[in-house]
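Breakdown of the fold
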Amino acid sequence: METSTPRRAPAADAAAASSYVSMSPSPSHTPRSSTKAKRTLNNGAAIVASSPSPSPSLAKGGGGGGGVNIQVLLRCRPLNKEELSINTPVVITCNEQRREVSAAQNIANKQIDRTFVFDKVFGPKSKQQDVFNHAVVPLVGEVLDGYNCTIFAYGQTGTGKTYTMEGGGGKTQNGELPSDAGVIPRAVKRIFDILEAQSAEYSMKVSFLELYNEELTDLLAPEESKFSDDKSKKPMALMEDGKGGVFVRGLEEEVVSSASEIYKILERGSGKRKTAETFLNKQSSRSHSIFSITIHIKECTPEGEEMIKCGKLNLVDLAGSENISRSGARDGRAREAGEINKSLLTLGRVINTLVEHSGHIPYRDSKLTRLLRDSLGGKTKTCIIATIAPSVHCLDETLSTLDYAHRAKNIKNKPEVNQKMMKSALIKDLYFEMDRLKQELYAAREKNGIYIPGEQYLADEAEKKAMSEKLDRLELGLESKDKQLDELQGLYDSQKVLSADLSDKLQTLQKRMQETECALAVLEEKYMQANNTIKEKEYLIENLLKTG
Ligand SMILES: Nc1ncnc2c1ncn2[C@@H]1O[C@H](COP(=O)(O)OP(=O)(O)OP(=O)(O)O)[C@@H](O)[C@H]1O
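Along each chain, residues carry numbers from 1 onward, in the same order as the chain's sequence is written. Since the coordinates come from a predicted model, pLDDT governs what is reported: local features require at least 70, and pairs of side-chain atoms require 80 or more to be given and counted, while whole-chain, interface and lining totals use all residues. Where side-chain values are given, they derive from all heavy atoms of the structure, hydrogens and water being excluded.

**Overview of the overall build of the protein chain**
Just so we agree on the cut-off: Only runs of H or I of at least four residues qualify as helices and only runs of E of at least two qualify as strands under DSSP, and these elements are numbered from the N terminus. Three labels apply to residues, based on accessible area from a 1.4 Å probe with only protein chains included: buried if under 20% of the type maximum, exposed if over 50%, partly exposed otherwise in between.
For the protein chain, the count of helices and strands is 13 helices and 20 strands. Across the 548 residues of the protein chain, 46% fall into the buried class.

**Re helix H6 (residues 183–197)**
Operational definition: To estimate the expected span of a helix, count its residues, drop one, and scale the result by 1.5 Å.
Between the first and last C-alpha of H6 there are 21 Å, a value that for 15 residues agrees with the 21 Å anticipated at 1.5 Å per step. Taken together, the buried positions of H6 are occupied by Val183, Ile184, Pro185, Arg186, Ala187, Val188, Ile191, Phe192 and Leu195. Within two residues after H6, Ser199 carries a phi angle of roughly 50°, on the positive side.

**Quick look at the pattern of salt bridges**
Inclusion rule: Only one rule defines a salt bridge in this text: a Lys or Arg side-chain nitrogen within 4 Å of an Asp or Glu carboxyl oxygen.
Throughout the structure, instances matching the rule amount to 17 salt bridges. Close ionic contact of Arg114 with Asp403 constitutes a salt bridge, the shortest N to O distance being 2.9 Å. Separated by 289 residues along the polypeptide, Arg114 in strand S6 (residues 110–117) and Asp403 in helix H11 (residues 395–408) bring together distant segments of the chain. Residue Asp403 is classed as partly exposed on the basis of its relative accessible area of 32%. One salt bridge in this structure joins Glu254 and Arg268, with 2.6 Å as the shortest N-O distance. Within this pair, whereas Glu254 is found in strand S13 (residues 251–256), its partner Arg268 is found in helix H7 (residues 259–272), the two being separated by 14 residues in sequence. Overall, Glu254 belongs to the buried group, its relative accessible area being 11%.

**Details of the nonpolar core**
Defined as follows: Here, nonpolar core means buried Ala, Val, Leu, Ile, Met, Phe, Trp, Tyr and Cys residues that are tied together by side-chain atoms lying within 4.5 Å of each other.
Core analysis: the biggest nonpolar cluster contains 47 residues, and Ile151, Met204 and Phe291 have the highest contact counts within it. Of all elements in the fold, only helix H4 (128–144), strand S8 (148–155), H6, strand S9 (202–212), H7, strand S16 (288–300), strand S17 (306–317) and strand S18 (381–388) reach the threshold of two or more residues within this core. Among the elements that make up this core, the one with the highest residue count is H4 (nine residues). Counting residues in hydrophobic clusters, the runner-up holds 45 residues, among them Val72, Phe152, Val248 and Ile384.

**Let's talk about the packing of aromatic side chains**
Short version of the rule: The pairing test for Phe, Tyr and Trp rings, Trp by its six-membered ring, is centres within 6.5 Å, and the orientation test on the planes gives stacked under 30 degrees, edge-to-face over 60, and tilted for anything in between. Criterion for a charge above a ring: Lys NZ or Arg CZ within 6 Å of the ring centre, and within 35 degrees of the ring normal.
Applying the stated criterion across every chain, the model contains four aromatic pairs. Summarising the aromatic geometry, the rings of Phe116 and Phe118 are spaced 6.5 Å apart at their centres and angled 20° between planes, so their arrangement reads as stacked. When sorted by exposure, Phe116 lands in the same class as Phe118, which is buried. Judged by centre distance (6.2 Å) and plane angle (70°), the rings of Phe192 and Tyr202 are edge-to-face. Of this pair, Phe192 sits in helix H6 while Tyr202 is found in strand S9, placing the two residues ten residues apart along the sequence. Judged on exposure class, the residue Phe192 and its partner Tyr202 are both buried. Here Lys381 stacks its cationic end above the ring of Tyr147, 4.2 Å away from the centre of that ring.

**Re the packing of H4 against H6**
Heads up, the rule is: Between N-to-C directions, angles span 0 to 180 degrees; the directions come from axes that are lines fitted to C-alpha atoms, helices contributing only their stretch in contact. An angle counts as roughly parallel when it lies under 35 degrees, as roughly antiparallel when it exceeds 145, as roughly perpendicular when it falls between 65 and 115, and as oblique in every other case. Definitions for this section: a left-handed crossing has its near helix turned counterclockwise from the far helix by less than a right angle. A right-handed crossing has that turn clockwise. By the convention used here, residues are in contact when the closest approach between their heavy atoms is within 4.5 Å.
Running from amino to carboxyl end, H4 crosses H6 at an angle of 45°, the nearest separation of the two axes being 9 Å. On the basis of their axis angle, the class for H4 and H6 is oblique. Seen from above, H4 lies across H6 with right-handed handedness. On the side of H4, the interface is formed by Gln128, Gln129, Val131, Phe132, Val136, Val137, Val140 and Leu144, while H6 contributes Val183, Arg186, Ala187, Arg190, Ile191, Ile194 and Leu195.

**As for the sheet that holds S6**
Convention followed: Strands were regarded as paired on the criterion that DSSP finds at least two bridges between them.
Here we have three strands laid out as an open sheet, ordered S4-S5-S6, and antiparallel in their pairing. The strands lining the two open edges of the sheet, one partner per strand, are strand S4 (92–95) and S6. Put simply, the sheet's adjacent strands are angled 25° from each other on average, direction ignored. Sheet topology note: the strand S5 (residues 100–107)/S6 ladder contains eight bridges and is antiparallel. Within S6, the residue paired with Glu100 across the bridge is Val117.

**Describing the pairing of strand S3 (residues 71–76)**
Within S3, six of the six residues are buried, which leaves the element mostly enclosed by the surrounding structure. Here S3 shows no split at all, with Gln71, Leu73 and Arg75 on one side and Val72, Leu74 and Cys76 on the other all buried. With six bridges joining them, S3 and S18 adopt parallel strand pairing. Its bridge partner being in S18, Val72 is matched across the sheet by Ile384.

**Describing unusual backbone geometry**
Most peptide bonds adopt trans geometry, and most residues besides glycine take a negative phi value. One non-glycine residue, Asn87, lies in positive phi territory at about 50°. Note that Asn87 resides in the loop between helix H3 (81–85) and S4. Of note, the phi angle at Arg99 is positive, near 60°, even though the residue is not glycine. With respect to the secondary-structure elements, Arg99 resides in the loop between S4 and S5. For Arg99, a relative accessible area of 32% corresponds to the partly exposed category.

**Notes on H11**
Each full turn of the α-helix corresponds to 3.6 residues, which orients residues three or four apart in the same direction. Relative to the 20 Å expected for 14 residues at 1.5 Å per residue, H11 spans 20 Å between its end C-alpha atoms, a close match to the ideal helical length. Along H11, the positions that sit buried rather than exposed are Leu395, Glu397, Thr398, Leu399, Thr401, Leu402, Tyr404, Ala405 and Ala408.

**Here's the deal with the environment of Arg190**
Checked against the element boundaries, Arg190 lands in helix H6. Each C-alpha atom of the pair Arg190 and Val140 lies 7.6 Å from the other, and the pair is 50 residues apart in sequence. In contact with Arg190, not counting residues within four places along its chain, are Phe132, Val137 and Val140.

**Examining the side chain of Thr159**
The criterion, for reference: Here a polar contact means two N or O atoms within 3.5 Å. Within protein one must be a hydrogen donor candidate and the other an acceptor candidate, and residues neighboring in sequence count only if both atoms are side-chain atoms.
Turning to its location among the elements, Thr159 is positioned in the loop between S8 and helix H5 (161–165). Residue classification places Thr159 among the buried positions, given a relative accessible area of 3%. Within the structure, the side chain of Thr159 is placed 2.6 Å from the backbone oxygen of Gln156, a separation counted as a polar contact.

**Section: the environment of Ser287**
One can find Ser287 in the loop between strand S15 (284–285) and S16. The class of Ser287 is buried, set by a relative accessible area of 1%. Remark: the alpha-carbon pair of Ser287 and Asp317, spanning 30 residues in sequence, is separated by 8.5 Å. A distance of 2.7 Å separates the side chain of Ser287 from the side chain of Glu210, its partner in a polar contact.

**Concerning the confidence of the model for the protein chain**
Put simply, the test is: The predictor attaches a confidence to each residue, called pLDDT, with possible values from 0 through 100.
Here the protein chain averages 78 in pLDDT, and 77% of its residues register 70 or above. The model gives residues 1–64 a pLDDT under 50, and that stretch makes 200 contacts with residues more than four places away or in other chains. Between residues 225–232, whose pLDDT stays under 50, and residues either more than four places distant or in other chains, the model counts 16 contacts.

Rendered as structure tokens:
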């Protein structure tokens, strides 16, 4: 790095600012240069350059050519004050060395332990730093190598998802994070530390998305807006990008140049998340959130060509699953809990289908699974942190989380590094985009209030209409294909049952035939013997007659 201050590579500015920038930039993306830009969140558009071997930490349990297993870590929180005050019995035991968690169940007055093994287990005494070192440090390295990585926290409400992901946040003391700082602020700090130690030239942008009751909102959108379409309130559209990925239309993406800037953004965004008091958590997050950090780093090839590599880290804090009757949710809150459970159920179905390879994967059944598509069975490197509580009162939900997380261990992703971009090509695009922006500015000045030239507006509108019609057609086509696929799957399943039935019958018949053949052989033998006896007797009679 030429200076210790973070710098922005032009290419990265470019990608940061395009209104339809996908998560994996390509040279054809049109750059812009504002510090705050509209952007899209694209889950599945990583461009393939090569398939490098996974890092040891991520390769563990990976399946050779079949992909790399998702890493699943388990964290059990300590008993809280209320649980301690009423001496709540503990039913969870964590063995960190053996990577095992045991849940003691009492069935018909018998204690039956169920034990689950994970890639890593963090007991109630584990520190935020421990979780970070094992779950995040390797992934931060992968992001800086140009991969897309996702870390998500899953678990029942009140088990420590937000604590693990955000914790005490990023309130630094003498430049150091507090001991309760969670995964996100620690990841941010590490990214900046590494980039600065490498003297890298880079740029970084962040986004913060909320998914609440199946509606997407931008947690970084300005609070007050003089424009009628205030994005902080207006739900945003999740669009297919035509390449198997999705993007969120018009999502804000802020260019950042220091860790403290990100901490402030995080605080601002987290403050806007929908929370409510439940029986199980005084400040329960009622929404799913995705905090994304995209980094562009400049590199030079041995030939002196300047290239830009891009990596992305998605940090997902899921809303907690809850038992509605136990959590005391009523009316609006019950609907909210129902929606949360519904999207988590779809997530569960996606996980099951991926693990069982049982055909059509229902990603499209919820926005959550559409957003996480590339992280579950795609090209992203993924780590799930499953959180549980040790108390006996949470046992049912704990067992369900353990089952869920244990299944997810079998999902295989095929991580691929994002293709590097040539800086020269990006600069060319940047100039082109600057020209376009100048024209827009000119139009805005001249026509006072119109932000793009009229002709461009009409062209954009026509293109938008055509694209939306095309999208509708494609969606319809896809739906009918999905239906067809389901029908075929049904047909296949019933044929399978029929064929199994016929095989059974065939086996029974073959067995009976063998038995009949044996009986026949015995009868033949007996018949021969009787025949011989008759012949002997006839001979004797004949002799007797002759002599008599
Ligand atoms: N490992 C831990 N150590 C200490 N305190 C913890 C730990 N995990 C959670 N807590 C505390 O438990 C409470 C609930 O945690 P948190 O809000 O993170 O749960 P959650 O899973 O995000 O819940 P929800 O799904 O309802 O948002 C918080 O007060 C938090 O500080």
